[in-house]
Amino acid sequence: MTAEALAADLAGMPAALTALADRFPRRDPYAALPALLDDEPAAVRLLGIGAARGVCEVAAARLRLAGIGAFADSSASAQEPPAGPETLVVGVSLGGGQRELCTALDRYVGRSPVVVLAADTDAVVARYADLLVPLHAGAEEAGLGCRAYQHALALALLLGHRLGAPVLGSSRTLPGLLRRTANAVQALTSSAPTWVPEAAEALTSSHGVHLVAPAERTVSAVQGAQLLRKGPVMVARTCETGEWSHTDRYMAARTDYRALLFAGSTYDERFSEHLGQLRGRFVAVGPTPGRERVPGAELTVRYPGDTDPDVSLMAETVVPGLLAAHWWGSPGR
């Protein structure tokens, strides 16, 4: 695990996304789904831990928009909701957390249909699947699962669409979304020398960095914090933008508060106003509703497609990834 390995993993994202897009439509990972389900499931339970749980929460929220009873749980939870053939169980593994996920899925084997999204077809958790969906993210030298996270998110969205969830972005097909994401990631990685040092300077604090995101994209903050904790081993905390003024605002009053804001919330400008009053600093990723940038941001990182909610969801975690590689490789760390 090195900063160079993380940088290489991030640089390999566009090619991996394009390769995944090229697998469609001939190799549809959910081709066997109709045979697994007699009818629309009465409930969908998605299980994961860490960033994988965040992927589950995104998929569950999309399914609820279609009126489907979907919910996401930590695979470490001891709760056992009722199982049965009418409940579809979906386990998501990015490579880690398999012990907890295997324990949770063991409660459903033979009782409910089980779909598993796994980084490796030889993974232990794959044995619990009635339908195994490989992530096809390739080997990641840094071991942080950056590409596995992206591919799991895309494949979880596709599963939601197959079950009736709406498409929120302008890409009507998964290959289209994957290719647009690859373009966005390529733009971010190639332009990194022009913005990463400035962003890192604005965000460096002895009190760590806070990642703030809209309710629909809190998974981006969770994944970004994971990269910062596991790579350069930094203090990294997360908060939802609307909630920030009711919780983290009080931390900003007592600390040297620095935040990476994934923009797009109705509450971006309130966040900026309150943080400015407390003399905190923040860097924004993407535009805010009705504006090209969030007022008060020291720097705004833009990329192609950042006004599309699905492209943002898929691409924006490259920003904390590139920052993690920068801080990890900085002298004195």
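Residues numbered from 1 in each chain as written. Predicted model: local features only at pLDDT ≥ 70, side-chain atom pairs only at ≥ 80, totals over all residues. Heavy atoms only, no water.

Looking now at the overall build of the protein. When helices and strands are counted, the protein shows 13 helices and ten strands. Computed over its C-alpha atoms, the radius of gyration of the protein comes to 19 Å, within 12% of the 20 Å expected for a compact globule of 333 residues. Seen through its C-alpha atoms, the protein measures out along the principal axes to roughly 55 × 40 × 35 Å. Within the protein, buried positions represent 56% of all 333 residues. For the protein, the accessible area works out to roughly 13,900 Å², and carbon and sulfur atoms hold 50% of it. Averaged over its 30 positive side-chain charges, the protein has a centre that lies 3 Å from the centre of its 34 negative ones. (Helix = DSSP H or I, 4+ residues; strand = E, 2+ residues; numbered from the N terminus. Rg over C-alpha atoms; globule rule 2.2 N^0.38 Å. Buried < 20%, exposed > 50% of the residue type's maximum accessible area, 1.4 Å probe, protein only. Areas by Shrake-Rupley, 256 points an atom, 1.4 Å probe, with all protein chains shown as cover. Lys, Arg positive; Asp, Glu negative; His and termini not counted. Charge placed at Lys NZ, Arg CZ, Asp CG, Glu CD.)

With that settled, the discussion passes to the sheet that holds strand 6 (residues 209-213). With respect to topology, five strands assemble into an open sheet ordered 7-6-8-9-10, the strand pairing being parallel. Because the sheet does not close on itself, it has two edges, and the strands there are strand 7 (236-240) and strand 10 (299-301). Adjacent strand axes in the sheet meet at a mean angle of 20 degrees, parallel and antiparallel pairs treated alike. Sheet topology note: the strand 8 (residues 258-262)/strand 9 (residues 281-285) ladder contains five bridges and is parallel. Of the residues in strand 9, the one forming a bridge with F262 is V285. (Pairing = 2+ DSSP bridges. Axes fitted to C-alpha atoms, helices over the stretch in contact; angles between N-to-C directions.)

Backbone torsion omega between F24 and P25 reads -5 degrees, so that peptide bond is classified as cis. Here P25 shows up in the loop between helix 2 (13-22) and helix 3 (33-36). For H136, which is not a glycine, the phi torsion comes out positive at approximately 55 degrees. Topologically, H136 is positioned in the loop between strand 5 (131-134) and helix 6 (146-162). Since its relative accessible area comes to 35%, H136 is described here as partly exposed. In the Ramachandran plot, R279 falls in the positive-phi region, its phi being about 65 degrees despite a non-glycine side chain.

Moving on, we come to the environment of L323. If you trace the backbone, L323 turns up in helix 13 (residues 318-328). Sequence separation between L323 and A7 is 316 residues; the distance between their C-alpha atoms is 9.8 Å. Contacts of L323, omitting those with residues within four sequence positions, involve V196, A199, A200, L203 and L260. (Contact = heavy atoms within 4.5 Å.)

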